[in-house]
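So you can see what is in the structure, the chains are spelled out below.
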Amino acid sequence: LAHLGGDRAALCHEYCKIAREYETFISDSALAYYDRALTLAMKIGDHEPATQARLGRVKVMGIMGFFHEAITELDTLESKGIPDALKEDWLDCGRQLYSYMEGYTMQGNSRNMNQYIETYVARQRYYRTEQLKLLPKDSPRHKLFLAEQYYIDGNNKQAKKLLHEILDNGAPDNNIYARAA
């Protein structure tokens with residue numbers, strides 16, 4: 001990072017890049033780097049890198065099970081306005097967060113949890129539907145999220161068709177390919 005010298009915007013970007021590497025396996029470190037990026041972005045008054053860092057925080061807090069904090073951050077972002085360039089990332093964070101919440105709640109296996117599960121599924125559907133509107137219809141991401149929705153709706157045949165399209169046309173070292181498999 002020393003090679004960046006005084007370029008604080010580039011440093012903020014690098015903090016987010018480092019944080020993404022830590023997201024799944026070392027979430028506390030990822031959160032620390034997103035915090036650094038957020039602090040720096042706020043000091044230089046740059047809204048887009050600050051939003052990127054906040055989105056990263058939402059992802060990591062969802063992974064860590066800090067749901068209240070993640071929802072608060074997600075809602076705060078919405079109220080402040082999301083730059084167009086980051087709208088799809090924001091929707092993806094919301095979709096994934098409510099997916100985590102649904103998964104953790106279902107593991108509790110209690111009938112009293114059904115109301116929460118229904119809420120989480122509805123929120124996922126909202127974020128996914130809005131996300132699909134922004135993605136090019138022929139893109140692998142669009143196909144993956146549409147297949148996910150088909151599966152949830154019980155339309156397994158359509159879901160399978162889209163997943164096979166991704167697998168038949170995608171590179172095996174690609175994240176979308178791995179998720180489709």
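Above: the structure in question.
What this report covers is the structure whose coordinates are included nearby. (Residues numbered from 1 in each chain as written. Predicted model: local features only at pLDDT ≥ 70, side-chain atom pairs only at ≥ 80, totals over all residues. Heavy atoms only, no water.)

## Concerning helix α7 (residues 140-152)
Its 13 residues place the ends of α7 18 Å apart at the C-alpha level, agreeing with the 18 Å of an ideal helix rising 1.5 Å per residue. Residues His142, Lys143, Leu144, Phe145, Ala147 and Gln149 constitute the buried set of α7. Directly after α7, the chain includes Gly154, whose backbone phi takes a positive value near 85°. (Helix = DSSP H or I, 4+ residues; strand = E, 2+ residues; numbered from the N terminus. Expected span 1.5 Å × (residues − 1). Buried < 20%, exposed > 50% of the residue type's maximum accessible area, 1.4 Å probe, protein only.)

## Describing the side chain of Arg57
Counting through the fold element by element, Arg57 comes out in helix α3 (residues 47-64). Residue classification places Arg57 among the buried positions, given a relative accessible area of 16%. With near-sequence residues (within four places) excluded, Arg57 lies in contact with Leu31, Tyr34, Asp35, Leu38 and Glu73. (Contact = heavy atoms within 4.5 Å.)

## A closer look at the environment of Tyr127
Here Tyr127 shows up in helix α6 (residues 114-134). On the basis of relative accessibility, which here comes to 1%, the residue Tyr127 falls in the buried class. Setting aside its immediate chain neighbours within four residues, Tyr127 contacts Leu74, Trp90, Leu91, Gly94, Arg95 and Tyr98.

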